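Spelled out, the chains give:
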Amino acid sequence: MVYEIGSSTMLFEVDRASIVDISVGDIIHARGFHDAPYTWKQQDSQFIESNPDAKVFLKIRRDTDGTYEASGVTVITEN
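Residues numbered from 1 in each chain as written. Predicted model: local features only at pLDDT ≥ 70, side-chain atom pairs only at ≥ 80, totals over all residues. Heavy atoms only, no water.

Nonpolar side chains in soluble globular proteins generally cluster together in the buried interior. Among the nonpolar cores identified, the biggest contains 15 residues, and Ile-28, Tyr-38, Trp-40, Leu-58, Ile-60 and Val-73 are the most heavily contacted of them. It is strand β4 (residues 55–62) that contributes the most residues to this core, three residues altogether. Once residues lying within four places of it in the same chain are set aside, the contact partners of Ile-60 are Ser-8, Thr-9, Met-10, Phe-12, Ala-30, Phe-33, Ala-36, Tyr-68, Glu-69 and Ala-70. (Core = buried A, V, L, I, M, F, W, Y, C linked by side-chain atoms within 4.5 Å. Buried < 20%, exposed > 50% of the residue type's maximum accessible area, 1.4 Å probe, protein only. Helix = DSSP H or I, 4+ residues; strand = E, 2+ residues; numbered from the N terminus. Contact = heavy atoms within 4.5 Å.)

With respect to topology, three strands assemble into an open sheet ordered β1-β4-β5, the strand pairing being antiparallel. Each edge of the open sheet is held by one strand with a lone partner, namely β1 (9–14) and β5 (68–76). Going across the sheet, the axis of each strand differs from the next one's by a mean of 30°, ignoring polarity. Pairing between β1 and β4: six bridges, direction antiparallel. The partner of Leu-11 across the bridge, within β4, is Lys-59. (Pairing = 2+ DSSP bridges. Axes fitted to C-alpha atoms, helices over the stretch in contact; angles between N-to-C directions.)

The structure is reproduced here in structure tokens:
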């Protein structure tokens, strides 16, 4: 059996140690997706600070024309 996922959004886990000194306005991107840079925002820093034990992910979306765009940062807490 093969199941197809209908989402065009991918999550790339970000190692917190690699962004410990990140500042608003800095650029991050997922390896292999250099054409989908993301500019770090104040809100992203607040997410990180408010969720010190959560995993951090860069969210990248594939557009209808096949290009990729970074659309934000999300945090996922583990239970």
